[in-house]
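Structure assessment
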Amino acid sequence: MEQLTYDAVKAAGQRIAGRVRPVVVARGDEGERTWLALEFLQHTGSFKARGAQNFLLAHAEAGTLPDAGVTIASGGNAGLACAWAARELGVRATVFLPETASPVKLGRLRSYGAEVRLVGREYAEALAACEKFAATSGALASHAYDHPLIAAGAGTVLEEIRAQVPGLDTVVVSVGGGGLFAGVAVAAREHGIRVVAVEPEGSRALNAALEAGRPVDVPVASVAQDALGARRATALAVAAAAHEGVRSVLVPDEAIVRARRRLWDERRIAVEFAASTALAALDGVAGERVAVLLCGANTDPSDLVERA
């Protein structure tokens, strides 16, 4: 696979400029020391719009978008982003999801005009079906996270955060398959910014890969598995994590649920569990100038609302 570089992140930033929403950065509870990067305000409700735009635009520039369109397997957010980006370019999109996908995400996918196919209980099963479809139909296979163009597009958010938080020490990022982390880590290293890669204890693909020295399969069982449920981390993330300035952290589901509830109770922000996973690790980086990336909000907020 092509290596992920800072030049690729810069190129992605130029390619998608004006097509995605610049990230909004708000002060956190610690005054001058903590910021929240509200990337859930992005098109389609998550950071994935950046990578999807970069991927399809790069293929459009190269003349490699087939008549059969694009296909992707996704727990939801990457599929939404791919379908949205495809619609923007007038390209067909076929999206494969696990049967456990959020009904909220399914409804939005169909609203973007994508053909939706539900396969299996885990992302890996949907991915296998997607790969078979791409081979037989000629559709361009995208990926939820395991592609340099996808990761480079995701990494553009770090450049925007840094521009708004002078002297930033650390950025805290939730990790599923590792595309967002890989892009952010490559960009952060260029500027001497540390990265904390946060995963649920029950879905630790990157953490396990770092222990093994290579990507390995892990079981998936977490409240955040609809978005952070990758069985295996991308090699791009493992390579990015091998550098100084990166720390892998695991958090229990209970902390993820509390962090999500805290965002709602204190700020009336309704994010998905994948986003609150990053916030759940904030106590471990006290004393630094920290930005916590809240990556997505494609969730059913009904469980956050108090009922009389």
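The structure this text deals with has already been given above.
Residues numbered from 1 in each chain as written. Predicted model: local features only at pLDDT ≥ 70, side-chain atom pairs only at ≥ 80, totals over all residues. Heavy atoms only, no water.

Within the chain, the secondary structure is distributed over 12 helices and 10 strands. With the C-alpha coordinates aligned to their principal axes, the bounding extent of the chain is approximately 55 × 50 × 40 Å. Scored against the burial criterion, the 308 residues of the chain give a buried share of 56%. For the chain, the proportion of contacts with a sequence separation of at least 24, taken over those separated by at least 6, is 71%. Put simply, the chain shows about 12,500 Å² of open surface, and 49% of that area lies on carbon and sulfur atoms. Across the chain, 32 positive and 35 negative side-chain charges occur, with their mean positions spaced 3 Å apart. (Helix = DSSP H or I, 4+ residues; strand = E, 2+ residues; numbered from the N terminus. Buried < 20%, exposed > 50% of the residue type's maximum accessible area, 1.4 Å probe, protein only. Contact = heavy atoms within 4.5 Å. Areas by Shrake-Rupley, 256 points an atom, 1.4 Å probe, with all protein chains shown as cover. Lys, Arg positive; Asp, Glu negative; His and termini not counted. Charge placed at Lys NZ, Arg CZ, Asp CG, Glu CD.)

Another point: the sheet that holds strand S6 (residues 140–141). With parallel pairing, four strands are arranged side by side in an open sheet as S5-S4-S3-S6. Two strands close off the open sheet at either side, each with one partner strand: strand S5 (115–118) and S6. Pairing geometry for strand S3 (residues 70–73) and S6, over two bridges, is parallel. Each residue of the ladder has a partner; that of valine 70, found in S6, is leucine 140. Helix H3 (residues 77–89) contacts S3 and strand S4 (93–97) of the sheet and is inclined by roughly 170° relative to S3. (Pairing = 2+ DSSP bridges. Axes fitted to C-alpha atoms, helices over the stretch in contact; angles between N-to-C directions.)

Each packed pair of helices is defined by two parameters, the angle between the axes and the distance between the axes. Two elements in contact, helix H1 (residues 6–16) and helix H6 (residues 148–164), have axes whose closest approach is 8 Å; the angle formed by their N-to-C orientations is 80°. By the angle between their axes, H1 is roughly perpendicular relative to H6. Between H1, through Tyr6, Ala8, Val9, Ala12, Gly13, Arg15 and Ile16, and H6, the contact on the second element is made entirely by Leu149, Ala152, Gly153, Gly155, Thr156 and Glu159. Broken down by class, the residue content of the contact of H1 with H6 amounts to seven nonpolar, four polar and two charged. (Parallel < 35°, antiparallel > 145°, perpendicular 65-115°, else oblique. Nonpolar A, V, L, I, M, F, W, Y, C, P; charged D, E, K, R; others polar.)

Here we take up unusual backbone geometry. With a phi close to 70°, threonine 44 is a non-glycine residue in the positive phi region. Tracing the chain through its elements places threonine 44 in the loop between strand S2 (34–38) and helix H2 (48–62). Of note in the backbone geometry, arginine 268 takes a positive phi value of approximately 55° without being a glycine. With respect to the helices and strands, arginine 268 occurs in the loop between helix H11 (253–267) and helix H12 (273–279).

Here we come to the layout of surface pockets. Its boundaries defined by the atoms lining it, the largest pocket holds a volume of some 540 Å³. Every residue lining the largest pocket is counted, 44 residues in all, and those nearest its centre are Lys48, Ala144, Asp226, Ala227 and Leu228. Listing elements by their share of the lining of the largest pocket, those giving two or more residues are H2, H3, H6, helix H7 (179–190) and helix H9 (225–228). Class assignment of the residues belonging to the lining of the largest pocket gives a composition of 22 nonpolar, 17 polar and five charged. (1 Å grid on protein atoms, 1.4 Å probe; cavity = no way out; pocket = protein on both sides within 12 Å on 5 of 7 lines; lining within 4 Å. Points joined across faces, edges and corners; volume = space filled by probe spheres on them.)

To continue, consider helix H5 (residues 123–137). Structurally, the α-helix is built with 3.6 residues per turn, so residues lying three or four positions apart point the same way. The end-to-end C-alpha distance of H5 is 21 Å, a good match for the 21 Å that 15 residues give at a rise of 1.5 Å each. Taken residue by residue, H5 has Tyr123, Ala126, Leu127, Cys130, Phe133 and Ala134 as its buried positions. Down the axis of H5, the buried set is contained in an arc of 125°. They therefore lie on one face. Of the exposed residues in H5, those oriented more than 90 degrees away from the buried face are Lys132, Ala135 and Thr136. Looking at the buried residues of H5, the elements they touch are S3, S4, S5 and S6. (Expected span 1.5 Å × (residues − 1). Arc of directions from axis to C-beta.)

In this section: the side chain of serine 142. Relative to the assigned elements, serine 142 resides in the loop between S6 and H6. Not counting chain neighbours up to four residues away, the residues in contact with serine 142 comprise Phe55, Val70, Thr71, Ile72 and Ile150.

Next up on the list: the environment of valine 171. Mapping valine 171 onto the fold places it in strand S7 (residues 170–174). For valine 171, the residues in contact, after removing those within four places along its chain, are Leu158, Val184, Ile193, Arg194, Val195, Val196 and Ala291.

Turning our attention to the pairing of S4. Consecutive side chains along a regular strand alternate between the two faces of the sheet. The buried count for S4 comes to five of five residues, which makes it a mostly enclosed element. Burial along S4 is two-sided: Ala93, Val95 and Leu97 facing one way and Thr94 and Phe96 facing the other are all buried. Where S3 and S4 come together, four bridges link them in parallel fashion. Residue pairing for S4: valine 70 is matched across the bridge by alanine 93. With helix H4 (residues 103–111) bridging S4 and the parallel S5, this β-α-β connection has right-handed handedness. (Right-handed = clockwise from strand over helix to strand, strands pointing away.)

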